[in-house]
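# Residue-level structural notes
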6 protein chains.
Amino acid sequence: YRYDIIEGENEIGVTTGLAWTIVGGDTLFIETTCVPGTGRLVLTGQLGEVMQESAKAGISYIRSIADKLGIQEDFYKTQDLHIHIPEGATPKDGPSAGVTMCTAIISTLTNKPVRKNVAMTGEITLRGKVLPVGGIREKVLAAYRAGITKILLPADNERDIDDIPANVRKKIEFVLIKTVDDALEHALVK
Amino acid sequence: YRYDIIEGENEIGVTTGLAWTIVGGDTLFIETTCVPGTGRLVLTGQLGEVMQESAKAGISYIRSIADKLGIQEDFYKTQDLHIHIPEGATPKDGPSAGVTMCTAIISTLTNKPVRKNVAMTGEITLRGKVLPVGGIREKVLAAYRAGITKILLPADNERDIDDIPANVRKKIEFVLIKTVDDALEHALVK
Amino acid sequence: YRYDIIEGENEIGVTTGLAWTIVGGDTLFIETTCVPGTGRLVLTGQLGEVMQESAKAGISYIRSIADKLGIQEDFYKTQDLHIHIPEGATPKDGPSAGVTMCTAIISTLTNKPVRKNVAMTGEITLRGKVLPVGGIREKVLAAYRAGITKILLPADNERDIDDIPANVRKKIEFVLIKTVDDALEHALVK
Amino acid sequence: YRYDIIEGENEIGVTTGLAWTIVGGDTLFIETTCVPGTGRLVLTGQLGEVMQESAKAGISYIRSIADKLGIQEDFYKTQDLHIHIPEGATPKDGPSAGVTMCTAIISTLTNKPVRKNVAMTGEITLRGKVLPVGGIREKVLAAYRAGITKILLPADNERDIDDIPANVRKKIEFVLIKTVDDALEHALVK
Amino acid sequence: YRYDIIEGENEIGVTTGLAWTIVGGDTLFIETTCVPGTGRLVLTGQLGEVMQESAKAGISYIRSIADKLGIQEDFYKTQDLHIHIPEGATPKDGPSAGVTMCTAIISTLTNKPVRKNVAMTGEITLRGKVLPVGGIREKVLAAYRAGITKILLPADNERDIDDIPANVRKKIEFVLIKTVDDALEHALVK
Amino acid sequence: YRYDIIEGENEIGVTTGLAWTIVGGDTLFIETTCVPGTGRLVLTGQLGEVMQESAKAGISYIRSIADKLGIQEDFYKTQDLHIHIPEGATPKDGPSAGVTMCTAIISTLTNKPVRKNVAMTGEITLRGKVLPVGGIREKVLAAYRAGITKILLPADNERDIDDIPANVRKKIEFVLIKTVDDALEHALVK
Ligand SMILES: [Ca+2]
Ligand SMILES: [Ca+2]
Ligand SMILES: [Ca+2]
Ligand SMILES: [Ca+2]
Ligand SMILES: [Ca+2]
Ligand SMILES: [Ca+2]
Ligand SMILES: [Ca+2]
Ligand SMILES: [Ca+2]
Ligand SMILES: [Ca+2]
Ligand SMILES: [Ca+2]
Ligand SMILES: [Ca+2]
Ligand SMILES: [Ca+2]
């Protein structure tokens, strides 16, 4: 389907993640919205328990550095946040979309668009560190097929870059990230 | 039963969706009401988890563009919204009623009637995009039997129209939609 | 047991429904009360998930036409509503008591008694339409045994009347209903 | 154990019920307390789902006739009600303690003691009717062994009295009850 | 481990209970704290459903006699109560710690220390009665090994004292209790 | 992965714990944050039931000595507390991280950094006592591999130190702790 092809303008609140499934790698889009509300968090798209916890860790991290990000500290009680990952019938799980979800939420809360050509993967911790994840080779190939030109990878996954076919490797810019801050640096439009 | 035949006046809050079951395609009616309340959402008619998430994604999308639709932004705390799909004993699931539920809710919230002769199918995302779904052939045949004359299909399902028998194809007007906006354009009475 | 025999005065908040079980048809009494409260809904009598959803659809329908029925619109937050179906140890399920529950609730909220000689069956939708249900023959026989003289059936069940033994058929008045409104017309004392 | 022997003064909020178990009949004590609170209902003693529903039906019935009973109508939000049935490790279920629980709660809310020599059994409906229950013979024998001298039975269980051994039958006074009101008449100290 | 040896000062909010497990008797410590809060009850230490109900019955009993105990009647909404039983990985259940939990909570709420040399066992009812429990022999032996010198037993367990080895029996003072009041009399420091 | 190597500055709210898994010992980092909120507690990182109860016991202990620790007594309703343990996909359970979680929370609430070279293990009770745990040998070896130089062990685990290889034992300083207070003494930067 054309849906998987990256196209169109940079958008606010939407990031491109990388999934690793039984049938190979795949791109997935994290969509977020934030509207006046009472502080509810809604997670849809058949996210498993680990993925939901990952989203919550990201939100707590954001709340702990709200000041620095220029986000109103009380958004947790004046805004409703919704994170959705199409395709809604496909179960998704694991911690590897942590940095992708966290970046999407920050984009929504700061109104800064996300660069359309960037994809990313990585578990995050409550301190905003980025931890290594699996399936780098398959994920990168899927991103390549979808038209991505820049991929943010956890620094601890550096050695996995060697496994990527040379023809793909030279068409994609790899950025090794250690923190959520590094991801924002490369993913958000300034 | 006569119940499945489309008849009567255009109504507010009711849309016709298309389901794909083991025994073939079927039409289903999405009924919505909105009454003064405290912001509760009630989903009945044995909707599965994916379908419920789909309804929630639709509502968040609507909230994010409430202004543009002319809907009061605080309906999420001053109105109770109920989505029901008869026949209440039949389990229903999947994301393909996304655009149908979203259109029904917008009809209720804006008091604009839905055209009785229109049916639709398609997953929606949090940004209001319409994604392709399965079972187009069976769904269209069911809509045809029920007296529908115009069907809204996801743009990415364009090639599936070829599989529909020619005699049916020439009696139904197909509209390819990319967004919820496209669906509203064709389904709501202006 | 004598309990199943219909007797006594017309009562407010109590209707007679018809159930279809493995061992044949049965009458069941829907009891409702409404007292000053905080808008809680209590459903007891071992009602299954579909039956509970059916009650909720009925309540939303009532709320959407509260004005027309002369019911205070804010009852959903100033009254507690309890629906109970004896015999409390017998599991009950299915959508066919929809119109019966809806009529009992309206009786309670409007203080209008229900005619003791009337029984009814039918699924309802959020718009107050009455849909056909199964087991008409067995249900009618049970109502007959219990002393019922008038039965309200979904219009789409008309053809099922032929299956009822002639001796029973001539002792009972059948009314075909298309909407909750039709049911109220025949069941409530004016 | 001596615990099962009925002894001591008439108490407020405690009634004697009759259970029918695999190993025969047994007496059970319904204990209730009511303290200033926020309207919480606590049910302990391993009560099954049907028994909990039975307690809730009793409470709704009491609320609907609070005025007549001289109970403050707003107790549902100013008092916390606790119903406990020792022996806490034994699972208990079924609707037959309905009238017993209802009587205990009314005793607590009206501060009227319950006669120590009275035991009772019977399902109740939301209108305060008493429906027949099973195991009358075994229940009566257990009450007799525990020292009970007066037993309240559902009127529809009248024929079951014949099955009770004559020597027991003549030592116990049986009262056939049709309503909760009948039970209060015989169980509460005036 | 030394942990099971009773030693140190009398403490507020801590009582010694007696458990009966597959591998014999064991002592267990009930720890309670009460801090300014909103009336939450937290139960930890892998307490089973019956044990949790037992704690709740104890709290309702305490609330019903708060006045007499000199406890502020509104503690249920101004204090948070936590009951914890180490060792946290071992599942615990049953009603026999009722009097032990109830005594610990009263100690916390009244600021009266519990005598270190006392252990106790017994189910409690909502009226504060103490009911007999099983495993007396094994429980007493475990208490003896832990250095306990005084054990409170339900009056209805009197005959079980005969089964305790004579050498143990003469080193421990047994007190037969009928009510929570009896337990407080012997366990709390005046 | 480099992630398991202890490095960097002393941090606030982060402690190093020791886990004992099927494949040997492992270090785990307890991360905590505390932000203005409404008193919510969020636990992520696939913590099992026992571990969650352990965290709650720690928090109640902290609340009971808030005054002594210089923590605002009302943090339970003005702050949201999040405890997260990477690696988020790995299930974790058991009570042995009790002292580690408790120390991390106190660090967050008092703004005192935790010494980077210290790791610890031990169940805690509601009174702040530290109880012995299993797997000491494997845990110590894992801490050693991660670069830890000082380990806090429950006093009742003293004899387990003998099982640690001599070469490791002489490179690590062991501190036997009896209470949370002892842990704070050695883990927090003064
Ligand atoms: Ca895809
Ligand atoms: Ca799921
Ligand atoms: Ca249909
Ligand atoms: Ca279901
Ligand atoms: Ca019946
Ligand atoms: Ca059930
Ligand atoms: Ca008994
Ligand atoms: Ca249970
Ligand atoms: Ca022990
Ligand atoms: Ca458990
Ligand atoms: Ca590790
Ligand atoms: Ca889990």
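Below: a short report on this structure.

Scoring rules and cut-offs
All residue numbers refer to position in the chain's written sequence, counted from 1. Working convention: letters from A go to chains and numbers from 1 go to ligands, in the order in which they are written. Given that the model is predicted, a residue must reach a pLDDT of at least 70 before its local features are reported, and side-chain atom pairs must reach 80 or more before they are shown or counted; all residues, however, enter totals for whole chains, interfaces and linings. The basis for every side-chain value is the complete set of heavy atoms in the structure, and neither hydrogens nor water enter the calculation. Atoms of type N, O and S within 2.8 Å of a metal are treated as its donors, and for Na, K and Ca the window is 3.2 Å; water is not considered, so some sites may appear to be missing partners. Numbered from the N terminus, helices here are DSSP runs of H or I no shorter than four residues, and strands are runs of E no shorter than two. The contact rule is simple, with two residues in contact once any of their heavy atoms fall within 4.5 Å. The term buried area denotes the loss of accessible surface (1.4 Å probe radius) that occurs when two parts are joined, taken as the sum for both partners. A side-chain nitrogen of Lys or Arg and a carboxyl oxygen of Asp or Glu constitute a salt bridge if their distance falls within 4 Å. Least-squares superposition of the copies uses the C-alpha atoms of those residues scoring a pLDDT of at least 70 in each of them. When DSSP locates at least two bridges between a pair of strands, those strands are taken to pair. Only C-alpha atoms enter the line fits that serve as axes; for helices the fit covers just the stretch in contact. Angles between N-to-C directions range over 0 to 180 degrees. Centres within 6.5 Å are what make two rings of Phe, Tyr or Trp a pair, Trp counting through its six-membered ring; a difference in plane orientation under 30 degrees is then read as stacked, over 60 as edge-to-face, and the rest as tilted. Placement of a charge over a ring requires the Lys NZ or Arg CZ to be within 6 Å of the ring centre, with the centre-to-atom vector within 35 degrees of the ring normal. Classification of residues uses two cut-offs on accessible area relative to the type maximum, computed with a 1.4 Å probe and protein chains only: under 20% is buried, over 50% is exposed, and between them is partly exposed. Here Asp and Glu are counted as negative and Lys and Arg as positive; His is not counted, and neither are the chain ends. Under the rule applied, a polar contact is a pair of N or O atoms within 3.5 Å (in protein, one hydrogen donor and one hydrogen acceptor; residues adjacent in sequence only if both atoms are side-chain atoms). By definition, disulfides here are pairs of cysteine sulfur atoms that lie within 2.5 Å. By the convention adopted, Pro, Cys, Tyr, Trp, Phe, Met, Ile, Leu, Val and Ala count as nonpolar, Lys, Arg, Asp and Glu as charged, and the other residues, Gly among them, as polar. How far a helix is expected to stretch is found by multiplying one less than its residue total by 1.5 Å.

### Thoughts on the coordination of the calcium ion (ligand 6)
Distances from the calcium ion (ligand 6) to its protein donors, Glu49 of chain D (OE) and Glu49 of chain D (OE), fall within 2.4 to 3.1 Å. Locating glutamate 49 of chain D in the fold gives a position in helix α1 (residues 49-64).

### What about the interface of chain A and chain B?
The interface is formed by 28 residues belonging to chain A together with 22 residues belonging to chain B. In this assembly, chain A packs against chain B so that about 2,000 Å² is buried in total across both faces, 56% of it on carbon and sulfur atoms. At the surface where chain A touches chain B, the tally comes to three salt bridges. Within the residue set of the side of chain A that touches chain B, elements represented by two or more residues are β2 (24-36), β3 (41-44) and β4 (79-84) of chain A.

### Considerations on the relation of the copies chain F and chain A
Both copies of the chain are related through a single rotation about an axis accompanied by a shift along the same axis. Superposition of chain F onto chain A requires a rotation of 60° combined with a translation of 0.1 Å along the rotation axis, giving an RMSD of 0.0 Å. Put plainly, the chains are arranged around a six-fold axis. The C-alpha atom lying nearest the rotation axis in chain F is that of threonine 38 of chain F; the distance is 12 Å.

### Considerations on the sheet that holds strand β4 (residues 79-84) of chain C
All names here are of chain C. Reading across from one edge, β3-β4-β2-β1-β5-β8-β9 is the order of the seven strands in this open sheet, with mixed pairing throughout. On the outer flanks of this sheet lie β3 (41-44) and β9 (173-177), each paired with one strand and no other. Averaged over all pairs of adjacent strands, the angle between strand axes in this sheet comes to 25°, irrespective of strand direction. The pairing of strand β1 (residues 14-21) with strand β2 (residues 24-36) spans eight bridges and is antiparallel. In the strand pairing of β2, threonine 21 is matched with glycine 24. Sheet contacts for helix α4 (residues 98-110): β1, β2, β4, β5 (118-120) and β9; angle to β2, the most-contacted strand, approximately 30°.

### Description of the packing of aromatic side chains
Taken as a whole and assessed by the stated rule, the structure comprises zero aromatic pairs over all chains. One residue, arginine 63 of chain C, lies across the ring of tyrosine 76 of chain C, its end atom 4.0 Å from the ring centre.

### Some details on the arrangement of the chains
A minimum C-alpha distance of 24 Å separates chain A and chain D, which share no contact. One thing to see here is that chain A and chain E don't touch, and their nearest C-alpha atoms sit 20 Å from each other.

### A word on the pattern of salt bridges
Throughout the structure, instances matching the rule amount to 48 salt bridges over all chains. One salt bridge in this structure joins lysine 68 of chain A and aspartate 181 of chain A, with 3.3 Å as the shortest N-O distance. A residue pair is termed long-range when its members are at least 10 positions apart, and lysine 68 of chain A in helix α2 (residues 66-69) and aspartate 181 of chain A in helix α7 (residues 180-187) qualify at 113 residues. On the accessibility criterion, aspartate 181 of chain A (35% relative accessible area) is partly exposed. Ionic pairing is found between arginine 127 of chain A and glutamate 11 of chain F, a salt bridge with its closest N-O pair at 2.4 Å. One end of the pair, arginine 127 of chain A, is in the loop between β6 (123-124) and β7 (130-131); the other, glutamate 11 of chain F, is in the segment before β1 (14-21), on a second chain. Residues joined in a network through salt bridges with shared partners are Glu11, Glu31 and Lys116 of chain A together with Arg127 of chain B.

### Re the environment of serine 107 of chain D
Residue and element names in this part refer to chain D. Relative to the assigned elements, serine 107 resides in helix α4 (residues 98-110). Since its relative accessible area comes to 0%, serine 107 is described here as buried. Spatially, the C-alpha atoms of serine 107 and proline 91 are 25 Å apart, while their sequence positions differ by 16 residues. For serine 107, the residues in contact, after removing those within four places along its chain, are Glu11, Ile12, Gly13, Lys112, Pro113, Val114 and Leu188.

### Points about the side chain of lysine 92 of chain E
Turning to its location among the elements, lysine 92 of chain E is positioned in the loop between β4 (79-84) and α4 (98-110). Here lysine 92 of chain E occupies a buried position and makes no salt bridge, while the nearest side chain of opposite charge, glutamate 123 of chain F, is found at 6.8 Å. At 2.8 Å, the side chain of lysine 92 of chain E and the backbone oxygen of threonine 90 of chain E are in polar contact. If we ignore the near neighbours within four places in the chain, the residues touching lysine 92 of chain E are Gly45, Gln46, Leu47, Gly48, Met51, Ile85, Pro86 and Glu87 of chain E.

### Points about the state of the cysteines
In a disulfide, the sulfur atoms of two cysteines are held together by a covalent bond. All chains considered together, the criterion is met by zero disulfides over all chains. Note on cysteine 34 of chain C: no disulfide assigned, nearest cysteine sulfur contributed by cysteine 102 of chain C at a separation of 14 Å.

### Describing the environment of lysine 116 of chain E
Summarising the element assignment, lysine 116 of chain E is placed in the loop between α4 and β5 (118-120). Residue classification places lysine 116 of chain E among the buried positions, given a relative accessible area of 18%. Along the chain, lysine 116 of chain E and alanine 57 of chain E lie 59 residues apart, while their C-alpha atoms are 25 Å from each other. With residues near it in sequence (within four places) discarded, lysine 116 of chain E still touches Ile6, Glu7, Gly8, Glu9, Asn10, Glu11 and Ile148 of chain E together with Arg127 of chain F. Side chain to side chain, lysine 116 of chain E and glutamate 11 of chain E meet in a polar contact 2.8 Å long.

### Quick notes on unusual backbone geometry
With omega at 0°, the peptide bond leading from proline 86 of chain B into glutamate 87 of chain B counts as cis. Relative to the helices and strands, glutamate 87 of chain B is located in the loop between β4 (79-84) and α4 (98-110). Positive phi outside glycine occurs at glutamine 46 of chain F, with the angle close to 60°.

### A short note on the sheet that holds strand β3 (residues 41-44) of chain F
Residue and element names in this part refer to chain F. If you walk across this open sheet you meet the seven strands as β3-β4-β2-β1-β5-β8-β9, and the pairing is mixed. Each edge of the sheet is formed by a strand with only one pairing partner; in this case those strands are β3 and β9 (173-177). Put simply, the sheet's adjacent strands are angled 25° from each other on average, direction ignored. Packing of helix α1 (residues 49-64) onto the sheet brings it into contact with β3 and β4 (79-84), and relative to β3 it is tilted by some 145°. Against the sheet, helix α5 (residues 136-146) engages β1, β2 (24-36), β8 (150-154) and β9, with an angle of about 70° to β2.

### Quick notes on the interface of chain F and chain A
Facing the 28 residues of chain F at the interface are 22 residues of chain A. The contact between chain F and chain A buries some 2,000 Å² in all, and 55% of this surface belongs to carbon and sulfur atoms. In this assembly, chain F and chain A are joined by three salt bridges. The salt bridge involving arginine 63 of chain A is made with aspartate 80 of chain F; its shortest N-O contact spans 3.0 Å. Elements with a minimum of two residues in the side of chain F that touches chain A: β2, β3 and β4 of chain F. At six residues, β2 of chain F tops the list of elements feeding residues into the side of chain F that touches chain A. Split by residue class, the side of chain F that touches chain A holds 11 nonpolar, 10 polar and seven charged.

### So, helix α1 (residues 49-64) of chain A
Residues and elements named next belong to chain A. For α1, with 16 residues, the first-to-last C-alpha span of 23 Å sits near the 22 Å given by 1.5 Å per residue. Most of α1 is tucked away, with 12 of its 16 residues classed as buried. Along α1, the positions that sit buried rather than exposed are Val50, Met51, Glu53, Ser54, Ala55, Ala57, Gly58, Ile59, Ser60, Tyr61, Ile62 and Arg63.

As far as function goes, none of this settles anything; it's purely spatial.
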